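# A look at the structure
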Amino acid sequence: MSVPGAWYLGLAAMLFGIGAIGLLIRRNVLIMFMCVELMLNAVNLTFVTFARMLNDIGGQVVVFFVLVVAAAEVVVGLAIIVSIFRRRADATADDISLLKG
Amino acid sequence: MMHAVWLIPALPLTGFLILLATGRRMGDPKAGYVATAMMVGAFVVAVGVFFDLMGLHGEERRFQQDLFSWISVGGLDVHVGFLVDPLSVTMALFVTGVGALIHLYSVGYMHGDERYPTFFVYLNLFAFSMLMLVLSDSFLLTFLGWEGVGACSYFLISFWFERPSAATAGKKAFVTNRVGDFGFMLAMFLIFATFGSLNYVPVLEGAHELTHVTATAIALLLFVGAVGKSAQLPLYVWLPDAMEGPTPVSALIHAATMVTAGVFLMVRVNPILNLAPGALTLIATIGALTAFFAATIACAQNDIKKVLAYSTVSQLGYMFLAVGSGAYVAAIFHMVTHAFFKALLFLGAGSVIHGMHDEQDMKYMGALRKWMPITSGTFIVGWLAIAGVPPFSGFWSKDDILLAAFEKNKALWFIGLLTALMTAYYMSRQVFLVFYGGERWKKPEAAEAHGEDVAHDAHGAHGDFKPHESPPTMAFPLVVLAGLAAVGGILKSPLERWLEPVLAHPHEFASSSSTKLGLIVVTTVGALSGIGLAYSIWLRNRVRAETVEPEVLRHAWYVDALYQKIVEAPGRALANFSAFVVDAKVIDGTVNGVGALVRAGGTRLRTVQSGFVRNYALAVAVGAVAILAYAVARSA
């Protein structure tokens, strides 16, 4: 017996919601970053689910693109985070508002 | 030799370039001699071309030289080329001849000036432009020279630009000339639209196909150009002010050559003028009125150069009277004799000013013939020539003009006759004041009164000094010009035959020989009575000077004041309006308003940029939700 598609979609929505809320309420930069990854993967899961449901390989192709972009984003994002922590070990996201207008 | 015609303008151009590059190193007086040598060279070439042309027969006397293509756009193809025919060669001969003499004179006159080489740079550039004007084979190239001489005139009038009056006079000349140039340009547009060409030969040969209206329009527009350049009513006002320039400039540009360009242009297009009798009548009327009007002013001027300036305006009026009467040869004849005697008079005046240490007021001169024998002798020849005393040159040319005017219209002739009388009067007044009478520059009370005269330059002559004769470089041109002014009358009948090929309809004097003789007698009596009148007033003191110099004439009929009211005042008001209302309020206001708007908007919007990542994330989330909600609401 196979799991119905709606369950996958529900799981993806929950993961996305957790990621979004985490991004908004947490202050630790690293955690916020992980939340972003969670949201990206929630979207990936949605794509895969729809690809199976609609029998369309296109959805799975998009997932590869998202993975590549996410990998690039991790490289840049982690580099920024590391350089922030080098200056101030206890920095939170709210301490960094240098671009205030 | 004919093929060397391009050398005539090229030599002064070379002189201009050489002096521009190395003039300062050559200095005073070498730069002057280089410039003079170029003009003499040009004159020699012009003489050679003249003899070549003489070797040909009547109708064949035309040679065109095409140098290179200058402008080629669409249907317009303008070549730089020269048209050698009796008219252009006559002009080239007297421009280079008189020009060379005046260049030589300037070597002495400008000696010691700070910007001596610059003066000759301009002078050579002027000669180049003037020769392009007269020798070119198309309207456009003539226009190039026309503008060139205008620019040089501006440079040279304001040569002593340290004096505000000189700078202003230069600007006035330039601006007034622009009004006329506007007419010239419109005429060229019309010619191109009609003929599809701006070259003289096709235009003038096709002129007989013109309709009456087109011919009149072209003639009048060209005449507007001529009015500006040749200082006729109502655009003459710049010429008297142009006397602020050095005296050789006044002689060369504002007496002998540039101001006659308008007359030359009219004669050049005579086939078109002949088709427009209305335009001819207008030209004759303007000429006669200008001649009369300027002569009245000249009777009451005290500045030695101002008298000559108004006299030039008046004599140019004569030339236009001749053109308007269809007597083109008489116009050119008078132009040539006028170039001789007026250049002579101006150079003589320059010599007087030089010898009197920059004094220009005739009321503080007198008895100079004892001190300056060459200057006074030559000046007297010039005086007799311009006054029309036989057998001097001015008599013959003026007589031709008056005869032509008599046949055209008796009223115009009468104005011309009155003008001739006044010409004799004011020139005699000048000669008597400057060279005869008492030595007024000596008297202490004169010097004192002079000192109080605020309107006058303070650097004039006072007290104990002796007027001195000018150096040989200045005296030599005077003597040569005096010779020409004396015997120039013999050119009369050769010139008539010589110029015949360029005229569409040679002018024939219809009057009987007894009428001619009668007119000659009347003219001569007029001239002599003018001299006699001046003699009794200025040497015998029969009449108080004030009564013959009414205020209105001293102020030149208040024309400058009138122009100030009707042209300058509205112009100034408009400029003020543009500067302080349109520019400051409207244009600056728009620009500053846009800036202020952007700035205010930016100030409000910058608060959105909090710098907190979570705020941005929240905004993205809210935005995404809003878009989704919108999509759901639409599909539902």
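Bear in mind the structure is a predicted one, so any value in this text is a computation, not a measurement.

Criteria and thresholds
Going along each chain's sequence as written, the residues are numbered from 1 onward. Chain A is the first chain written and ligand 1 is the first ligand written, with later ones labelled in order. Whole-chain, interface and lining totals are the exception, using all residues; otherwise, since this is a predicted model, local features are given only for residues with pLDDT of at least 70 and side-chain atom pairs are given and counted only at 80 or more. The secondary structure listing takes helices from DSSP runs of H or I that are at least 4 residues long and strands from runs of E that are at least 2 residues long, numbered from the N terminus. Counting other C-beta atoms within 10 Å of its own, a residue is labelled buried from 20 upward, exposed at 12 or fewer, and partly exposed in the gap between, with every C-beta atom placed from the backbone. Put simply, the radius of gyration uses C-alpha atoms, and a globule should come to 2.2 Å times the residue count raised to 0.38. In this description, any two residues whose backbone-derived C-beta atoms lie within 7 Å of each other are considered to be in contact. Three categories are distinguished: nonpolar for Ala, Val, Leu, Ile, Met, Phe, Trp, Tyr, Cys and Pro, charged for Asp, Glu, Lys and Arg, and polar for the others, with Gly belonging to the last. Whether two strands pair comes down to DSSP finding at least two bridges between them. Expected helix span is computed as 1.5 Å times (number of residues minus one). For every element, the axis is a line fit to its C-alpha atoms; helices are fit only across the contacting stretch, and the angle between N-to-C directions ranges from 0 to 180 degrees. In this scheme, roughly parallel covers angles under 35 degrees and roughly antiparallel covers those over 145, while 65 to 115 is roughly perpendicular and the rest are oblique. A crossing counts as left-handed when the near helix is turned anticlockwise from the far one by less than a right angle, and as right-handed when that turn is clockwise. In this usage, the nonpolar core is the set of buried Ala, Val, Leu, Ile, Met, Phe, Trp, Tyr and Cys residues whose C-beta atoms join them within 7 Å. Think of pLDDT as the predictor's per-residue confidence, scored from 0 to 100.

Attention now moves to the overall build of chain B. Helix and strand counts for chain B stand at 25 helices and two strands. Evaluated residue by residue, chain B yields a buried proportion of 50% over its 636 residues.

Our next topic: the overall build of chain A. Scanning chain A for helices and strands turns up three helices and zero strands. Traced from its N-terminal end to its C-terminal end, chain A shows the element sequence α-α-α. Here the C-alpha radius of gyration of chain A, 17 Å, is well above what a compact globule of 101 residues would show, namely 13 Å. Along the three orthogonal principal directions, the C-alpha set of chain A runs to about 55 × 30 × 25 Å. The long-range share in chain A, meaning contacts at least 24 apart out of those at least 6 apart in sequence, stands at 48%.

Facing 10 residues of chain A, the contacting portion of chain B comprises 11 residues. Partitioned by chemical class, the residues of the side of chain A that touches chain B number six nonpolar, two polar and two charged.

This paragraph deals with unusual backbone geometry. Between Asp28(B) and Pro29(B) the backbone carries a cis peptide bond, its omega angle lying at 5°. Among the structural elements, Pro29(B) can be located in helix H1 (residues 7-54). The step from Leu233(B) to Pro234(B) runs through a cis peptide bond, and the omega angle for that step is 0°. Counting through the fold element by element, Pro234(B) comes out in the loop between helix H7 (212-229) and helix H8 (238-241). You will see that Asn55(A), though not glycine, has its phi angle at about 55°, which is positive. Residue placement: Asn55(A) occurs in the loop between helix H2 (29-54) and helix H3 (58-87). Residue Asn55(A) is classed as exposed on the basis of its 8 C-beta neighbours within 10 Å.

What follows is about the pairing of strand S2 (residues 76-84) of chain B. Residues and elements named next belong to chain B. Of the pairings in the sheet, the one linking strand S1 (residues 63-73) to S2 comprises nine bridges and is antiparallel in character. Residue pairing in the sheet places Phe68 in a bridge with Val80 of S2. Adjacent in sequence and paired antiparallel, S1 and S2 are bridged by two residues, among which Gly74 carries a positive phi angle near 55°.

For the rest of this paragraph, the subject is helix H13 (residues 304-324) of chain B. All names here are of chain B. Taking 1.5 Å of rise per residue, the 21 residues of H13 would be expected to cover 30 Å, and the 31 Å separating its terminal C-alpha atoms lies within 8% of that figure. In terms of residue burial, H13 counts as a mostly covered element, since 21 of its 21 residues are buried. Phi turns positive one or two residues past the end of H13, at Gly326, with a value near 85°.

This brings us to the packing of H13(B) against helix H17 (residues 410-435) of chain B. Residue and element names in this part refer to chain B. The interhelical angle for the contact between H13 and H17, taken along N-to-C directions, is 160°, at an axis separation of 11 Å. The angle between H13 and H17 places the two elements in the roughly antiparallel class. For H13 against H17, the interelement crossing comes out left-handed. Along its contact with H13, which presents Ile304, Val307, Ser311, Ser314, Tyr318 and Leu321, the element H17 presents Leu412, Gly416, Thr419, Thr423, Tyr426, Met427, Gln430 and Val434. The class makeup of the residues in the contact of H13 with H17 is eight nonpolar, six polar and no charged.

Turning our attention to the nonpolar core. Most often, soluble globular proteins keep nonpolar side chains buried together rather than apart. By size, the foremost hydrophobic cluster in this structure holds 214 residues, and its most contacted members are Ala331(B) and Ala343(B). The element contributing the most residues to this core is helix H14 (residues 328-355) of chain B, with 19 residues. Among all residues touching Ala331(B), those that are not within four sequence positions of it are Val263(B), Val267(B), Met319(B), Ala322(B) and Val323(B). Grouped together as the second largest cluster of nonpolar side chains are five residues, Ala20(A), Leu23(A), Met32(A) and Cys35(A) included.

Residue and element names in this part refer to chain B. Put simply, chain B has an average pLDDT of 88, and 96% of its residues get 70 or more. When the criterion is pLDDT under 50, residues 446-462 qualifies, and its contacts beyond four places in sequence or with other chains add up to 20 contacts. Interface scoring of the predicted complex returns ipTM 0.85; its pTM is 0.79.

Let's shift gears to the environment of Phe120(B). Residue and element names in this part refer to chain B. Its location among the elements puts Phe120 in helix H3 (residues 116-135). Judged by the 29 C-beta atoms lying within 10 Å of it, Phe120 is buried. Phe120 sits 225 residues away from Leu345 along the chain, and the two C-alpha atoms are 21 Å apart.

Let us look at the packing of helix H2 (residues 86-109) of chain B against helix H19 (residues 472-487) of chain B. Residue and element names in this part refer to chain B. Running from amino to carboxyl end, H2 crosses H19 at an angle of 150°, the nearest separation of the two axes being 7 Å. It follows that H2 is roughly antiparallel to H19 by the angle criterion. The interaxial crossing formed by H2 with H19 has left-handed handedness. Listed contacts from H19 to Leu101, Ile102, Leu104, Tyr105, Val107, Gly108 and Tyr109 of H2 are Thr473, Met474, Phe476, Pro477, Val480 and Leu481.

Residues and elements named next belong to chain B. Here Ala327 shows up in the loop between H13 and H14. Considered as a pair, Ala327 and Tyr200 are 127 residues apart in the sequence and their alpha carbons are 21 Å apart. What Ala327 contacts, discounting residues up to four positions off in sequence, is Ala322, Asp400, Ile401, Ala404 and His507.

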